[in-house]
Amino acid sequence: MWKGLIEEYKEFLPVTENTPSLTLNEGNTPLIHLVNLSKELGIELYGKIEGANPTGSFKDRGMVFAVAKAIEDGAKCVICASTGNTSAAASAYATRAGIQSIVVIPKGKVALGKLAQACMYGAKIIEIDGNFDDALSIVRQVSETTPVKLVNSVNPYRIEGQKTAAFEIVDSLGHAPDYLCIPVGNAGNITAYWKGFKEYNEAKNTGLPKMYGFEAEGAAAIVKGEPIANPETVATAIRIGNPASWKFAEAARDESGGIIDSVTDEEILAAYKLIAGTEGIFVEPGSAASLAGVIKSVNSGKIEKGSRVVTVFTGNGLKDPDTAMNVSTVDLVSLKNDEEEIRKYIEGIL
Ligand code: F0G
């Protein structure tokens, strides 16, 4: 039986005898061969389904370890800023471990499912008239002078936990892929994957991918080379104008020979519909930024035909039902509670 990340990867993590064995059995997520899109794009494309984690996003990988280390340090309360997924993971793991959680979120800009999670897992939720960058700046300062442990990805244990996804990809494929495509928000995850690929390559000679990160165009600080005061995108998960791990993301790009590019909201929503409609995989809009980036890169020749590509689907589509219903063009067919009428309708569409 899968024992969760801390137990499974302890030789690669700074685990001590005092690290509690916290887990919700996170990790071990599917790597799915996207057969239909592979054919369409002329590449060998796989999706890493991070929405299959216990709270529905990749954040669980970093949070299980950050919360465990916080407890090892004697913390009784964790705090984070969040566009939604970090708050869900922080509150779930804090509750599981029997400590408090406080989350600071941008008012009106957190997808419904994520907000529901934080409410149900029992976080103290503070919403502000400001964006994620404002919230992060506040919690960074508050955590310096109050006995609350900061669990945003500026906490190095978050990166440690999240790097394990790279290990799983390499184990599934037998080798690193040619390209690793990933959405970029606060830039912690691209930092973590690159660390994971490098460490596994050191230990097992498994090769290195080119790291391709994708920001939403209205929040593309790294691409534009300057912070964005008022980031805007339909992909609220990555609505971030001043990524904390900016320099590490650039290092991942440069060391791997990769790129950091932007994709428009139109491209994100097209990819969002495409992945659900062609492969049966429902991801949240922020996650679709990586597939939008794959498509853009194949079309521009930045990913060559025949390449082996892994795209990271960071969060589950159920997190954001409002966006799904807004973009869906499906009309519900309302019929009488009558077998004959329904049979006629069905025969008509076959
Ligand atoms: N995809 C999803 C679904 C996310 O929730 C995030 C970040 C990212 C991608 C980007 O990852 O920040 O490591 O570059 N969400 C954070 C949050 C900011 O608060 O949940 P990153």
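Keep in mind it's a predicted model, so treat the numbers as computed, not measured.

Novice: Let's hear about the site of the ligand: which residues, and what values?
Specialist: If you check the shell around the ligand, you find 20 residues, and the closest are Ser82, Thr83, Asn186, Ala187 and Thr314. Here an oxygen atom of the ligand sits 2.7 Å away from a polar atom, N or O, in the main chain of Thr83. The side chain of Asn85 places a nitrogen or oxygen atom 2.8 Å from an oxygen atom of the ligand. Here the ligand loses 99% of its free accessible area of 470 Å² to cover by the protein chains. Judged by the fraction of its atoms near the pocket grid, the ligand is located in the largest cavity. Those elements that place two or more of their residues in the shell around the ligand are α4 (85–97) and α9 (188–204). Class assignment of the residues belonging to the shell around the ligand gives a composition of seven nonpolar, eleven polar and two charged. The residues that make up the shell around the ligand include at least three from each of domain 1 (5–53 + 156–327) and domain 2 (58–150).

Novice: Residues and numbers for the layout of surface pockets, please.
Specialist: Approximately 240 Å³ is the volume found for the largest pocket. Lining the largest pocket are 14 residues, with Ile159, Thr191, Lys195, Ser245 and Phe248 positioned closest to its centre. Among the elements of the structure, α7 (156–162), α9 and α11 (246–256) are those that each provide at least two residues to the lining of the largest pocket. For the lining of the largest pocket, a count of residues per class yields seven nonpolar, three polar and four charged. Gly108, Lys109, Val234, Thr236 and Thr323 are, among the 14 residues lining the second largest pocket, the residues nearest its centre. The element contributing the most residues to the lining of the second largest pocket is helix α14 (residues 321–327), with three residues. Across the lining of the second largest pocket, the residue classes tally to four nonpolar, five polar and five charged. Summarising the domain contributions, the lining of the second largest pocket has at least three residues from each of domain 1 (5–53 + 156–327) and domain 2 (58–150).

Novice: Any details on the pairing of strand β2 (residues 44–49)? Residues and values, ideally.
Specialist: Put simply, side chains in a regular strand alternate between the two faces of the sheet. For β2, the buried fraction is high: five of the six residues fall into the buried class. Where strand β1 (residues 31–33) lies against β2, three bridges are found, and the strand directions are antiparallel. Paired with His33 across the bridge in β2 is Tyr46. In this structure, β2 lies alongside strand β10 (residues 308–313), joined through six bridges in parallel fashion. Residue pairing in the sheet places Leu45 in a bridge with Val309 of β10.

Novice: I'd like a rundown of the UniProt feature "domain: Tryptophan synthase beta chain-like PALP" (unreviewed entry) in the chain, residues and numbers included.
Specialist: Mapped onto this structure's residue numbering, the UniProt feature "domain: Tryptophan synthase beta chain-like PALP" (unreviewed entry) falls at residues 23–315. End C-alpha to end C-alpha, residues 23–315 measures 19 Å, and it is 47% helix and 17% strand.

Novice: Tell me about the packing of α9 against α11, and name the residues and values.
Specialist: With their axes 8 Å apart at the nearest point, α9 and α11 run at an angle of 45° to one another. By the angle between their axes, α9 is oblique relative to α11. Here α9 runs over α11; the crossing is left-handed. Residues Ile190, Thr191, Trp194 and Lys198 of α9 form the contact with α11, whose own contacting residues are Phe248, Ala249, Ala251, Ala252, Glu255 and Ser256.

Conventions used here
Residues numbered from 1 in each chain as written. Predicted model: local features only at pLDDT ≥ 70, side-chain atom pairs only at ≥ 80, totals over all residues. Heavy atoms only, no water. Near = heavy atom within 4 Å. Polar contact = N/O pair within 3.5 Å; in protein donor to acceptor, adjacent residues only side chain to side chain. Areas by Shrake-Rupley, 256 points an atom, 1.4 Å probe, with all protein chains shown as cover. 1 Å grid on protein atoms, 1.4 Å probe; cavity = no way out; pocket = protein on both sides within 12 Å on 5 of 7 lines; lining within 4 Å. Sits in = over half its atoms within 2 Å of the grid points. Helix = DSSP H or I, 4+ residues; strand = E, 2+ residues; numbered from the N terminus. Nonpolar A, V, L, I, M, F, W, Y, C, P; charged D, E, K, R; others polar. Domains from an automatic or database assignment. Points joined across faces, edges and corners; volume = space filled by probe spheres on them. Buried < 20%, exposed > 50% of the residue type's maximum accessible area, 1.4 Å probe, protein only. Pairing = 2+ DSSP bridges. UniProt positions renumbered as here; feature names shortened; annotations may be inferred. Axes fitted to C-alpha atoms, helices over the stretch in contact; angles between N-to-C directions. Parallel < 35°, antiparallel > 145°, perpendicular 65-115°, else oblique. Left-handed = near helix turned anticlockwise from the far one by under 90°. Contact = heavy atoms within 4.5 Å.

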